[in-house]
Amino acid sequence: MIMLDEKQIRNKLKNIEAFVLDQDGTLYLEYKSFPWTPEFLSGLDKKGIRYLFLSNNSSKSRNEHIKKLSEFGINAKPEEILSSSESTIEYLKSLKNSKDIYLLATPKVEHDFIEAGFNIDAQNPNYVVLAYDLTFTFNKLDKAARLVRNGIPFIATHEDNNWMIAPNDHMPDVGALAAAITASTKVKPKFIGKPNIETVNSFLKRLNVSKDKVAIMGDRLNTDIRMGNDNNILTFLVLSGKTKIEELKTSPYQPSFVLEKSIDILNYL
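Residues numbered from 1 in each chain as written. Predicted model: local features only at pLDDT ≥ 70, side-chain atom pairs only at ≥ 80, totals over all residues. Heavy atoms only, no water.

Looking at the pattern of salt bridges
- Applying the stated criterion across every chain yields a total of 11 salt bridges.
- The salt bridge partner of Asp133 is Lys140, with a shortest N-O separation of 2.7 Å.
- You can call Asp133 buried: its relative accessible area is 3%.
- A relative accessible area of 17% places Lys140 in the buried class.
- With a shortest N-O distance of 2.7 Å, Lys194 and Asp224 are connected by a salt bridge. Placement of the pair is Lys194 in the loop between β11 (190-191) and α8 (197-207) and Asp224 in helix α9 (residues 221-231), with a sequence separation of 30 residues. Side by side, Lys194 and Asp224 carry an identical accessibility label, which is buried. (Salt bridge = Lys/Arg side-chain N within 4 Å of Asp/Glu carboxyl O. Buried < 20%, exposed > 50% of the residue type's maximum accessible area, 1.4 Å probe, protein only. Helix = DSSP H or I, 4+ residues; strand = E, 2+ residues; numbered from the N terminus.)

Written as C-alpha cells, this is what we have:
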C-alpha cells in the first residue's frame, strides 16, 4: 500500500464521518496521559466527526474502560467503547448453541458475559473462550486444554502476544496464553479482536457507517494498520506508542498517512 500525500489525505478526509480510535499508545500510554488528547477529541467534536474507542484489552469490563478513560479526562459513553471482549460477545451471539461456554477471564469481564446471557462455566460447554485473564491458573489451563482436546471449539478475544505497560516493558497477553493451550492441544483458536473482520463488523455496526466513511487511528502496524489494509479502510499511524518510524521500511502493513500524535490530524480536516 502506498502512503498518500497531504492533498490526497485532505480529500479523503472530506468523506469521513467517524474515527475508530485505538486507546493505549494513541490516547494515552498505560499510566501516562497524553496532554493533547482532550483537545484532539474536542477538535473532532467541533468538526461533527464521531469516534469510537477501540481496544484489544479484554482484561477490563466496559465500565472499567470508561473509568480508565475518565482518569485521563475523557468522558466516554458506553456506546463509544468497543473492546475485543464485546466483539467476541457479538460474534458468539451470531453462532448457534453458543450460550453455554467455558470462559477464562477476569471477574468483571465474566460479569459482562453473564449480563449478555452466557453461562460461563457450563457443565457441557459448546465453546472455550479465552479473554485476557489476569487470574489465569494451571487449573484453568488444564480444564480448557481438556475441553479443546475433546473437540470443543476454541475462541480467543485477540492475538496480541504482549501488552506494553511502558516503553521496553511488556506483560504476556492473550496470544501468549492461547499458545499454551495450543501447545497442549495442537488446536489454534479463532481470534476475534483487531485486526480481524469480526471487529470490523462490530465497529461498522456500532457506528452505522460503511468502510469508506470511517478511518482507523492507532499505534500498531500489525493490528490497527493491518485491519485497515485488509479491509480497504483509511488508516493513520501515530508514533506516540509502540511503533517507531523505522519499522515502516520492513513492515508489510503500511498506513495511509503517518502522524506524530493524534491531534495532528486536525491540521488536515
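Points about the sheet that holds strand β6 (residues 101-104)
- Across the sheet, four strands lie side by side as β6-β7-β8-β11; this open sheet has parallel pairing. Looking along the sheet, the strands with just one partner apiece sit at the ends: β6 and β11.
- Examined bridge by bridge, β6 and strand β7 (residues 127-130) share four bridges and lie parallel to one another. For Leu104, the partnering residue across the bridge sits in β7 and is Leu130. (Pairing = 2+ DSSP bridges.)

Details of unusual backbone geometry
- In this chain, Lys194 is followed by Pro195 through a cis amide linkage whose omega measures 10°.
- Within the fold, Pro195 resides in the loop between β11 and α8.
- The phi torsion at Asn97 lies on the positive side, around 55°, for a residue other than glycine.
- Here Asn97 shows up in the loop between α4 (84-93) and β6.
- Under the relative-accessibility criterion, Asn97 is labelled exposed at 61%.
- In the Ramachandran plot, Asn232 falls in the positive-phi region, its phi being about 55° despite a non-glycine side chain.
- Note on placement: Asn232 falls in the loop between α9 and β13 (234-238).

As for helix α5 (residues 107-115)
- By the burial criterion, the buried members of α5 are Val109, Asp112 and Phe113. Down the axis, α5 shows its buried residues gathered within 95° of arc, on one side only. Opposite the buried face of α5, by more than 90 degrees, sit the exposed residues Pro107, Lys108 and Glu115.
- The secondary structure elements touched by the buried residues of α5 are α3 (62-71), α4, β6 and β7.
- Just downstream of α5, Gly117 is the residue with a positive phi angle, here 105°. (Arc of directions from axis to C-beta. Contact = heavy atoms within 4.5 Å.)

Describing the packing of helix α6 (residues 138-149) against helix α7 (residues 174-185)
- Interaxial distance between α6 and α7 falls to 9 Å at its minimum, and their mutual angle equals 50°. Our classification of the angle between α6 and α7 gives oblique. Once α6 is placed against α7, the crossing between them reads as right-handed. Two secondary-structure elements touch here, α6 through Leu141, Ala144, Ala145, Val148 and Arg149 and α7 through Ala180, Ile181, Ser184 and Thr185.
- Its residues assigned to classes, the contact of α6 with α7 comprises six nonpolar, two polar and one charged. (Axes fitted to C-alpha atoms, helices over the stretch in contact; angles between N-to-C directions. Parallel < 35°, antiparallel > 145°, perpendicular 65-115°, else oblique. Left-handed = near helix turned anticlockwise from the far one by under 90°. Nonpolar A, V, L, I, M, F, W, Y, C, P; charged D, E, K, R; others polar.)

As for α7
- In this model α7 runs 16 Å from its N-terminal to its C-terminal C-alpha over 12 residues, within 8% of the 16 Å that 1.5 Å per residue would give.
- Along α7, the residues classified as buried are Val174, Gly175, Leu177, Ala178, Ile181, Thr182 and Thr185. Angular distribution of buried residues about the axis of α7 spans 160°; they occupy a single face of the element.
- Where α7 is buried, its residues contact β7, α6, β8 (154-156) and β11.
- Following α7 by one or two positions, Lys186 has its phi on the positive side, about 70°. (Expected span 1.5 Å × (residues − 1).)

Topic: the side chain of Glu80
- Note on placement: Glu80 falls in the loop between α3 and β5 (81-83).
- One buried charged residue, Glu80, remains without a salt bridge, the closest side chain of opposite sign being Lys77 at 4.9 Å.
- Setting aside anything within four residues of it in sequence, one finds Glu80 in contact with Tyr51, Leu52, Phe53 and Asn75. (Lys, Arg positive; Asp, Glu negative; His and termini not counted.)

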